[in-house]
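# Report on the structure
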Amino acid sequence: MDFTLPESAQAVQRGIGDICSRYDLDYWQRCESDKRWPEEVWEELAKGGWLGLAVPEEHGGGGQGLLELAVATETLAASGAAGGSAFTYVLTPGFGALTIARHGTAGQRADLLPRLATGEVETCFALTEPDAGSNALAITTSARRDGGEYVVKGQKIWITGVQRATWMLLVTRTVPAAEAGSRTHGLTVFLVNVPEAVAAGTLTYRPIPKLGANTTPSNLVFLDDVRVPAANVVGEVDKGAAVLWDILNPERILLAASALGGAEVALRVAVGYAKEREVFGRPIGANQAIAFPLAQVKAKIELARLMIYKAAWSFDRRLPCGTEANIAKLTASQAAWEAADAAFQTYGGMAYSLEYPVARLLTDARIGKVAPVTEELLLNYLATQVLGLPRSF
């Protein structure tokens, strides 16, 4: 058993780290405060080929996998971007490139993958609905066949990145849940051309004011008879659950990697402050009440990293990875929250000042405990699906 990262992942660490070294904590704070996408970093990532890590080489990418994407996400987050950086690698390299590379038709791969690799084309993902919430299989957004097209009607919520996306991976029901037989039958995933639908007036969206992660807006999306060519189905009609799992598991792994990077930032700033800040004639880090919580965070960061890498490694080998992805997301989000909370306590009253990064780190870390899936649902999965305990519903 070899725990050494492959050279491909180490190269990602070095390359992303080199770019990120030019952007400090103040840069990321300004992006958050100004509610703007980190365009400068995005352009450097695109120019260096780092957005195409998971795109096969024959389509102009790096031919790597989810492990390298997870390392890229962690490295970016740990540089100072923290949890908000997740969208950089989730929205297009994750939702777009990984999904099309694995489930797209030959035509979809040839058309989209080269442009996804360069960042020319960006994607978003639409699953969650106002009434379904965390019960993803209870969605009601419908798609009905009309000649060579499907007509889509419904609503989605918390859809991040619509403003920048060329294509939306949209999860619909082509068979209503009440008629589907099994809970997973009747789901179909489509590629929706966002600018075309917006121009036609059939797709509209409204940004949701957010507590944090404001570098990318999240939206309520309205789909009013959006027409989608049948050729834009990803995977098979009515059998989109197979595609959906291969979207959700990478999403959880990449968000776990982002949370892990956020935990590293919080720990780093807390340790630095604990070494420098003197009270009663000695650095506050000499006090066990300060030192021990930070030491606990360090241990939890290292444990979460092992599970993230294992989950990504399993996905890349097409092994079952649902349990590993859920554990990775659970433990990394907990580590991020504990790290940010410990940093807040270390800074004391100064943590409340927006001149320091701690408030942003705390806000970024908190969202990970409820999105894209709540901590309680992750625990429920482990209790019922792994431990075999009785279901409560």
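So, here is what we can say about the structure in this document. Just so we're clear, the structure is a prediction, and the values are computed from it rather than from any experiment. (Residues numbered from 1 in each chain as written. Predicted model: local features only at pLDDT ≥ 70, side-chain atom pairs only at ≥ 80, totals over all residues. Heavy atoms only, no water.)

## Comments concerning the pairing of strand β4 (residues 167–173)
Of all seven residues making up β4, seven are buried, and the element is well covered by its neighbours. Burial along β4 is two-sided: the face carrying W167, L169, V171 and R173 and the face carrying M168, L170 and T172 are both buried. Sheet analysis places strand β1 (residues 123–126) next to β4, joined by four bridges and oriented parallel. Looking at β4, one finds that T123 is bridged to W167. Looking at chain direction, β4 and strand β5 (residues 187–193) are connected through seven bridges and run antiparallel. By the bridge assignment for β5, M168 is matched with V192. (Buried < 20%, exposed > 50% of the residue type's maximum accessible area, 1.4 Å probe, protein only. Helix = DSSP H or I, 4+ residues; strand = E, 2+ residues; numbered from the N terminus. Pairing = 2+ DSSP bridges.)

## Points about the packing of aromatic side chains
As enumerated under the stated definition, the model contains eight aromatic pairs in all. When the ring of W37 is compared with that of W42, the centres are 5.3 Å apart and the planes differ by 65°; the resulting orientation is edge-to-face. Here the two residues W37 and W42 agree in accessibility, since each one is buried. Here F344 and Y352 contribute two aromatic rings whose centre-to-centre distance is 6.4 Å and whose plane-to-plane angle is 85°, an arrangement assigned as edge-to-face. Relative accessible area serves as the criterion here: at 70%, Y352 is assigned to the exposed category. Aromatic rings pair up to connect Y23, Y27 and W28 into one cluster. (Phe/Tyr/Trp six-rings, centres within 6.5 Å; stacked < 30°, edge-to-face > 60°.)

## A few points about the packing of helix α4 (residues 66–81) against helix α5 (residues 86–103)
For the pair α4 and α5, interaxial distance at closest approach is 9 Å and the crossing angle is 165°. Looking at the two axes, α4 sits roughly antiparallel to α5. You can see that α4 and α5 cross each other, and the crossing is right-handed. Every residue of α5 that contacts α4 at L66, L69, A72, T73 and L76 is listed here: A86, T88, Y89, P93, G94 and L98. (Axes fitted to C-alpha atoms, helices over the stretch in contact; angles between N-to-C directions. Parallel < 35°, antiparallel > 145°, perpendicular 65-115°, else oblique. Left-handed = near helix turned anticlockwise from the far one by under 90°. Contact = heavy atoms within 4.5 Å.)

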